[in-house]
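Analysis of the macromolecular model
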Amino acid sequence: MPKSAQFSEIFDQLPIDQLLEISHHATESEVQSILRRGFARNIEEFAQLLSPAASAHLETLAELSQKITRRHFGKVIRLFAPLYLSNECVNICKYCGFSRNNAIPRVTLPVEKVEAETRILAGQGFRSLLLVAGEHPRYVSQNYVEECLKACLPHMPSLSLEIAPMETEEYLPLVKAGCEGLVVYQETYHIPSYKELHPHGPKKHFHWRLDTPERAYEAGFRRLGIGALFGLYRWQHEALCLASHALHLNRNCCNAQLALSFPRMRPAAGEFQPEEQNLLPDRQFVQLLCALRLLLPHAAFVLSTRETPALRDGIIPLGITNISAGSATEPGAYSDYDHQSWKPSRQQPGEQFNIADERSPAQMADILRQKQLEPVWKDFDSSLVSPFSPPLPAAQNHH
Ligand code: SF4
């Protein structure tokens, strides 16, 4: 059977201008017809749900999104914590605190320290970690990551990675070591902006990055995460490309669980200021989340601590399935937490971005319960499934 096309081959042919046109000018009756049906059948209907006409029906959209989420995921919200391994980076990304031209203290945690941080997070209840690192082949080598995974696994059954994109062969030992998931944000799907924002380092290769989830799937990762950083280009454009990417991965990587993230820009070292016209306002943020849910009923939606407590509390019930809590975005920061207040006991000069929701993991779990939602720390035991076992039938893979 011929290998199906990767997303980078399809991306350049996406009718993005046409879709944008739809997202600006959908009619009331087009929107009504989707709302009556209760879901979006394709990317064109998703574009209609991003329109000003759909914005007028935000309450109905939110009700539908909530209903679909409960139907497919029940009342559970999966909690995870990011654990930063290193803030060394060879790339210049103009919006990121770790960008190589920012004068911040640089650190790569020794494996023992990574294990110590993992134990602290396990003590807070976490059973699922996202190991995050800047892109630096010397400090954050494949061997180093493999050692970290092996040190974490005895304390933390579910591990995912957000590290520099690799080739399929390089991912194989990481999957074999027990890693479940791979997260890679495209940041922006608008090529001219991407070029402008990533002037130096391997990250400037847009299309290679775009195919990372598919290389990861080939290596056996069973969770794939994608996302766009909203605020780098017009939100409708990013939303349409992110949704197209998700539809493509649903078709081509159907045995992995797909997770989408839609972080919005936060202040960071380097003082990058998003352009006014690229900002995603709160109301449209909710509209986007609900529209995505009407298109992608089975995808996990991730919400990070970049958003304020008020906003998080409001939108978690509407369609979110995974949240981080009590996060630090600086390597080694959890060791310095005051474990009563769950606040850092010192300044964090080397963080990637500022956190807006500083509530502790236990507080977040309580808030979920108050909303009749069930905090879940672990939803799968990877030790029971070999990454090289035959794929599950698609029907069993729907969460
Ligand atoms: S976004 Fe990632 S690749 Fe870019 S500077 Fe930050 S850590 Fe490095």
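Here the structure is shown first, and the text comes after it.
Below: a short report on this structure.

Each value, and the rule that gives it
Residues numbered from 1 in each chain as written. Predicted model: local features only at pLDDT ≥ 70, side-chain atom pairs only at ≥ 80, totals over all residues. Heavy atoms only, no water. Helix = DSSP H or I, 4+ residues; strand = E, 2+ residues; numbered from the N terminus. Buried < 20%, exposed > 50% of the residue type's maximum accessible area, 1.4 Å probe, protein only. Contact = heavy atoms within 4.5 Å. Areas by Shrake-Rupley, 256 points an atom, 1.4 Å probe, with all protein chains shown as cover. Near = heavy atom within 4 Å. Nonpolar A, V, L, I, M, F, W, Y, C, P; charged D, E, K, R; others polar. Polar contact = N/O pair within 3.5 Å; in protein donor to acceptor, adjacent residues only side chain to side chain. Phe/Tyr/Trp six-rings, centres within 6.5 Å; stacked < 30°, edge-to-face > 60°. Lys NZ or Arg CZ within 6 Å of the ring centre and 35° of its normal. Pairing = 2+ DSSP bridges. Right-handed = clockwise from strand over helix to strand, strands pointing away.

Moving on: the overall build of the chain. Counting its secondary structure elements, the chain contains 16 helices and eleven strands. With 399 residues in all, the chain has 59% of them scored as buried. Long-range pairs, those at least 24 residues apart, make up 74% of the contacts in the chain between residues at least 6 apart in sequence. Accessible surface computed for the chain: about 16,600 Å², of which carbon and sulfur atoms make up 52%.

Taken together, ten residues surround the ligand, and among them C89, N91, C93, C96 and K203 come closest. Grouping the amino acids of the shell around the ligand by side-chain chemistry returns four nonpolar, four polar and two charged.

A positive phi angle, close to 70°, is found at E187, a residue other than glycine. In this fold, E187 is placed in strand β4 (residues 181-187). E187 gets classed as buried once you look at its relative accessible area, which sits at 8%. Its identity is not glycine, yet Q372 carries a phi of approximately 60°, on the positive side. Locating Q372 in the fold gives a position in the loop between α16 (361-370) and β11 (374-376). A relative accessible area of 57% places Q372 in the exposed class.

With that settled, consider the side chain of N91. Within the secondary structure layout, N91 lies in the loop between β1 (76-86) and α7 (111-123). Within polar-contact distance, the side chain of N91 engages the backbone nitrogen of K203 at 3.0 Å. Setting aside anything within four residues of it in sequence, one finds N91 in contact with S99, R100, E135, H200, G201, P202 and K203.

Within this structure, the stated rule accounts for ten aromatic pairs. Geometrically, the ring pair formed by F126 and W377 is edge-to-face, given 5.4 Å between the ring centres and 80° between the ring planes. Placement of the pair is F126 in the loop between α7 and β2 (128-133) and W377 in the segment after β11, with a sequence separation of 251 residues. Here the aromatic rings of F262 and F301 are separated by 5.6 Å at their centres, their planes lie at 80°, and the arrangement is edge-to-face. Pair noted here: F262 is in the loop between β6 (257-261) and α14 (282-295) and F301 is in strand β7 (residues 300-303), with a separation of 39 residues, a long-range link. Exposure class is identical for F262 and F301. Each is buried. Three or more aromatic residues link up through ring pairs in this structure, and these residues are F7, F11, Y189, Y194 and F206. The ring of F39 is capped by R37, whose NZ or CZ atom sits 5.7 Å from the centre of that ring. For the cation-ring pair, R264 lies above F285, with the distance from its terminal atom to the ring centre recorded as 4.3 Å.

This paragraph deals with the environment of H245. Positionally, H245 belongs in helix α13 (residues 235-252). In sequence terms H245 and G227 are 18 residues apart; their C-alpha atoms lie 9.4 Å from each other. Apart from the residues lying within four places of it in its own chain, the contact partners of H245 are F7, Y189, L210, P213 and I226.

Taken across its six residues, β2 has six buried, putting it largely inside the fold. Here β2 shows a buried face lined by S128, L130 and V132 and a second buried face lined by L129, L131 and A133. Pairing between β1 and β2: five bridges, direction parallel. Paired with Y84 across the bridge in β2 is V132. As paired strands, β2 and strand β3 (residues 158-162) are joined by five bridges and run parallel to one another. Paired with V132 across the two strands is E162, which belongs to β3. Taken together, β2, helix α8 (residues 142-152) and β3 form a β-α-β motif whose crossover is right-handed.

Just distances and angles here, no functional claims.
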